[in-house]
Amino acid sequence: MIRISGVGWRTKGTHIVRDVSLTVSQGQRFGLIGPNGSGKSTLLRLIAGLQTPTSGQVRLQGKTLAELGRRGIARRLAFVAQAAETADRITVRDAVGLGRTPWLSALSPWSAEDDRIVTEALAAVDMARFDRRDWMTLSGGERQRVHIARALAQRPQILLLDEPANHLDIHHQLSILRLIGDLGLTTMIALHDLNQAMECDRLGVMHKGQLIATGTPAEVMTPDLLARVFGVRIRELVDPVDGAKVLRFHEIC
Ligand SMILES: Nc1ncnc2c1ncn2[C@@H]1O[C@H](COP(=O)(O)OP(=O)(O)OP(=O)(O)O)[C@@H](O)[C@H]1O
Ligand SMILES: [Mg+2]
């Protein structure tokens, strides 16, 4: 479970994220939406402990990030960054193996079980056949899938993903989002595709560094809010096959 209270981050007198309070309960899939520069990535980085809040506090499963420490955080939470990089000259398999780091120590060195977990993670993102390839030679979408595999190999209870479907072709977008849903983990996911955001259990809307609305997708995706935050008008269509709502967007001139 993630509990954030009054979290903010300020630099050079500018509030990038201001006074965000939020609880994501166990097993919930929480989507974060908002325009470019609204603070989504910064908020995720604050929750992951990669940036320290200048105000407020983040708790994971009841403990503050300071109490957990780096290793404690990494044993609970995996983060897939928006544009993740990896040191060059590393194979795909070794890049995914990095996810096992928080679980290794002198007393529990790398074992066959770690190998099995890495193999499983590669298969889950459809990258098994690339396992001996140099990470640097991968395409953008393939790299993204490897980073998701690294996060899966970490065996976290909490998964933070920053636009994970960004570089993926439509087949892999659907399969990765389904995989993430099926894992049943506590998940926070920043998304730009508002139709994909509709699949989340709950949504939060970032606007100018503030969390201005939270609720179910139906509660949050109102014409008023989308007009105010994104400057678009929506039309809802209904899929005649399964009755699902599909959103179409038009600029407000
Ligand atoms: N270290 C920094 N110094 C100055 N400004 C920063 C810093 N980090 C982020 N910002 C600014 O804070 C704002 C929020 O950035 P952030 O990356 O969190 O936005 P975002 O909602 O993830 O946007 P996008 O949808 O484009 O990914 C942006 O305007 C960005 O330029
Ligand atoms: Mg971002």
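Scoring rules and cut-offs
Residues numbered from 1 in each chain as written. Chains lettered and ligands numbered in written order. Predicted model: local features only at pLDDT ≥ 70, side-chain atom pairs only at ≥ 80, totals over all residues. Heavy atoms only, no water. Helix = DSSP H or I, 4+ residues; strand = E, 2+ residues; numbered from the N terminus. Rg over C-alpha atoms; globule rule 2.2 N^0.38 Å. Buried < 20%, exposed > 50% of the residue type's maximum accessible area, 1.4 Å probe, protein only. Contact = heavy atoms within 4.5 Å. Areas by Shrake-Rupley, 256 points an atom, 1.4 Å probe, with all protein chains shown as cover. Lys, Arg positive; Asp, Glu negative; His and termini not counted. Charge placed at Lys NZ, Arg CZ, Asp CG, Glu CD. Domains from an automatic or database assignment. Buried area = accessible area lost by both parts, 1.4 Å probe. Salt bridge = Lys/Arg side-chain N within 4 Å of Asp/Glu carboxyl O. Polar contact = N/O pair within 3.5 Å; in protein donor to acceptor, adjacent residues only side chain to side chain. Donors = N, O, S within 2.8 Å, 3.2 Å for Na, K, Ca; no water. Pairing = 2+ DSSP bridges. Axes fitted to C-alpha atoms, helices over the stretch in contact; angles between N-to-C directions. Parallel < 35°, antiparallel > 145°, perpendicular 65-115°, else oblique. Left-handed = near helix turned anticlockwise from the far one by under 90°. Nonpolar A, V, L, I, M, F, W, Y, C, P; charged D, E, K, R; others polar.

A. Main features of the overall build of the protein. For the protein, the helix and strand inventory stands at 9 helices and 12 strands. For 253 residues, the compact-globule estimate of 2.2 N^0.38 gives 18 Å, and the C-alpha radius of gyration of the protein, at 19 Å, lies within 12% of that figure. Counting over 253 residues, the protein shows a buried share of 48%. The contacts in the protein between residues at least 6 apart in sequence include a share of 64% that link residues at least 24 apart. For the protein, the exposed surface amounts to about 12,700 Å²; the carbon and sulfur share of it is 51%. Averaging the locations of the 32 positively and 26 negatively charged side chains of the protein gives two centres separated by 6 Å.

B. Main features of the domain arrangement of the protein. For the protein, the assigned domains read domain 1 (2-216) and domain 2 (222-253). Using only C-alpha atoms to locate each centre, domain 1 and domain 2 end up separated by 27 Å. On the side of domain 2, 9 residues touch domain 1, which itself brings 11 residues to the contact. Both faces considered, domain 1 and domain 2 share a buried interface measuring about 830 Å² in area, 78% of it formed by carbon and sulfur atoms. Seen at the junction of domain 1 and domain 2, the total is 0 salt bridges. Along the contact surface separating domain 1 from domain 2 lie 1 residue pair in polar contact (both at pLDDT 80 or more). For the side of domain 1 that touches domain 2, the elements supplying multiple residues, two or more each, are helix H7 (194-197), strand E9 (202-207) and strand E10 (210-215).

C. Quick peek at the coordination of the magnesium ion (ligand 2). Distances from the magnesium ion (ligand 2) to its protein donors, namely Ser41 (OG) and Gln82 (OE1), fall within the range 2.0 to 2.3 Å. Linking Ser41 in helix H1 (residues 40-47) with Gln82 in the loop between strand E6 (77-80) and helix H3 (92-97), this pair joins segments that are 41 residues apart in sequence. In this structure Ser41 comes out as partly exposed when scored by relative accessible area, which is 23%. Among the residues examined, Gln82 registers a relative accessible area of 31% and is labelled partly exposed.

D. Fine view of the sheet that holds strand E1 (residues 2-11). Strand order across the open sheet formed by 4 strands is E2-E1-E4-E5, with antiparallel pairing between neighbours. Bordering the open sheet on either side are strand E2 (14-24) and strand E5 (63-64), each of which pairs with just one other strand.

E. Local environment of the packing of helix H4 (residues 112-124) against helix H5 (residues 140-153). At a closest axis distance of 8 Å, the pairing of H4 and H5 adopts a crossing angle of 140°. As judged from the angle between their axes, H4 and H5 are oblique. Two packed elements cross with a definite hand, and for H4 against H5 that hand is right-handed. Side by side, H4 and H5 meet where Ile117, Ala121, Leu122 and Ala124 of the first sit next to Ala149, Leu152 and Ala153 of the second. Each residue belonging to the contact of H4 with H5 can be placed in one class, and the counts come to 7 nonpolar, no polar and no charged.

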